[in-house]
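Residues per chain, in single letters:
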Amino acid sequence: MTLLSVNLNKIAVLRNSRGETEPDIIRAAHTCIEAGCGGITVHPRPDQRHVRPEDVRALAVALRGRVEYNIEGNPFAPARGSYPGLIELAREVRPTQVTLVPDADGQLTSDHGFDLAHDAERLRPLVAELRELGCRVSLFVDAGARGFEHATALGVERVEIYTGPYARAFADGDARLQLEQCVETARRAQQAGLAVNAGHDLSQANLGTFRAAIPGLAEVSIGHALIGEALYDGLAATVRHYLQILA
Ligand SMILES: CC(=O)[C@@H](O)[C@H](O)COP(=O)(O)O
Ligand SMILES: NCC(=O)COP(=O)(O)O
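Cut-off values and rules
- Residues numbered from 1 in each chain as written.
- Chains lettered and ligands numbered in written order.
- Predicted model: local features only at pLDDT ≥ 70, side-chain atom pairs only at ≥ 80, totals over all residues.
- Helix = DSSP H or I, 4+ residues; strand = E, 2+ residues; numbered from the N terminus.
- Contact = placed C-beta atoms within 7 Å.
- Near = placed C-beta within 6 Å.
- Nonpolar A, V, L, I, M, F, W, Y, C, P; charged D, E, K, R; others polar.
- Buried ≥ 20, exposed ≤ 12 C-beta atoms within 10 Å, placed from the backbone.
- UniProt positions renumbered as here; feature names shortened; annotations may be inferred.

## Describing the environment of His200
- Positionally, His200 belongs in the loop between strand 7 (195-199) and helix 9 (207-213).
- Between the alpha carbons of His200 and Leu108 there is a distance of 13 Å; along the sequence they are 92 residues apart.
- Residue contacts for His200: discarding those within four places in its chain leaves Ser110, Tyr162, Thr163, Gly164 and Ala167.

Dropping the structure here:
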């Protein structure tokens, strides 16, 4: 069974565009949980254009004991304004899992993973602290990544394969090479004792093929496509509700 963790960043983006409280991220989380998802993911960033520290805290209260809570982000990005930094947020809310992502500041979205051999030493104290807090630690890696033994040696339990290039190739009509690379990467990670998560631009169109190719895939975190698809799935019914009011 692969756990579906719904990324709610895009709900926050819509809400932030009006500076008010709707759509409500907690209500969205309840809806996803009632629909059967196994986890909620958020990816706070220092510029706070997506979920904000207060969302991270409120979700921790709403989710506790119900589903897994996965917080993603760059642990090296400094605190800025009311953003206290990823590790400080983890200290406060102790999520189920922290996925460390080497985003550059101001990056539109995540687009690459860690170089495990190169980054291991600076990750070491962070991984140790997160594990002491009781959080499972996952590292975001590119398809094709090597050096998983460095992650295992740090005490990391999972890696998340960045699936953006796979999703793009799938949309372009031929994802064979990208998929093979993901399969091979998952196999190497599992051989090193790590469980494998995946995410970025996964969708109803490309998920089935991906899942079928990766035995033991532990978790997928999906946000952008899922929220977009939810709009299409709900738009007609919502228009009908408005028409009933106006009839
Ligand atoms: C690590 C990763 O791939 C996701 O967390 C992604 O960055 C989230 O997407 P947003 O760009 O919507 O925050
Ligand atoms: N870790 C990936 C994630 O949380 C969601 O990515 P996307 O589906 O929004 O591209």
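There is more to say, and it comes next.
## What about the site of ligand 2?
- Neighbouring residues of ligand 2: 14 residues in total, closest Asn7, Gly199, Ser221, Gly223 and His224.
- Of all elements in the fold, only strand 8 (219-222) and helix 10 (224-246) reach the threshold of two or more residues within the shell around ligand 2.
- For the shell around ligand 2, the residue count by class is three nonpolar, eight polar and three charged.

## Some remarks on unusual backbone geometry
- The step from Glu22 to Pro23 runs through a cis peptide bond, and the omega angle for that step is -5 degrees.
- Positive phi, normally seen in glycine, also occurs at His200, with a value near 115 degrees.
- The class for His200 is buried, based on 25 C-beta atoms found within 10 Å.

## What about the UniProt feature "binding site: 3-amino-2-oxopropyl phosphate" (unreviewed entry) in the protein?
- When the UniProt feature table is mapped to this numbering, "binding site: 3-amino-2-oxopropyl phosphate" (unreviewed entry) covers Asn7, Arg18, Asp201, Gly223 and His224. The named residues occupy 218 residues along the chain; their greatest pairwise C-alpha distance, 25.3 Å, places them well apart from one another.
- With respect to the helices, strands and loops of the structure, Asn7 is situated in strand 1 (residues 3-7).
- Residue Asn7 is classed as buried on the basis of its 26 C-beta neighbours within 10 Å.
- Tracing the chain through its elements places Gly223 in the loop between strand 8 and helix 10.
- Gly223 sits in the buried class, given 24 other C-beta atoms within 10 Å.
- Excluding residues within four positions of it along the chain, Gly223 makes contact with Val6, Asn7, Leu8, Asn9, Lys10 and Thr41.

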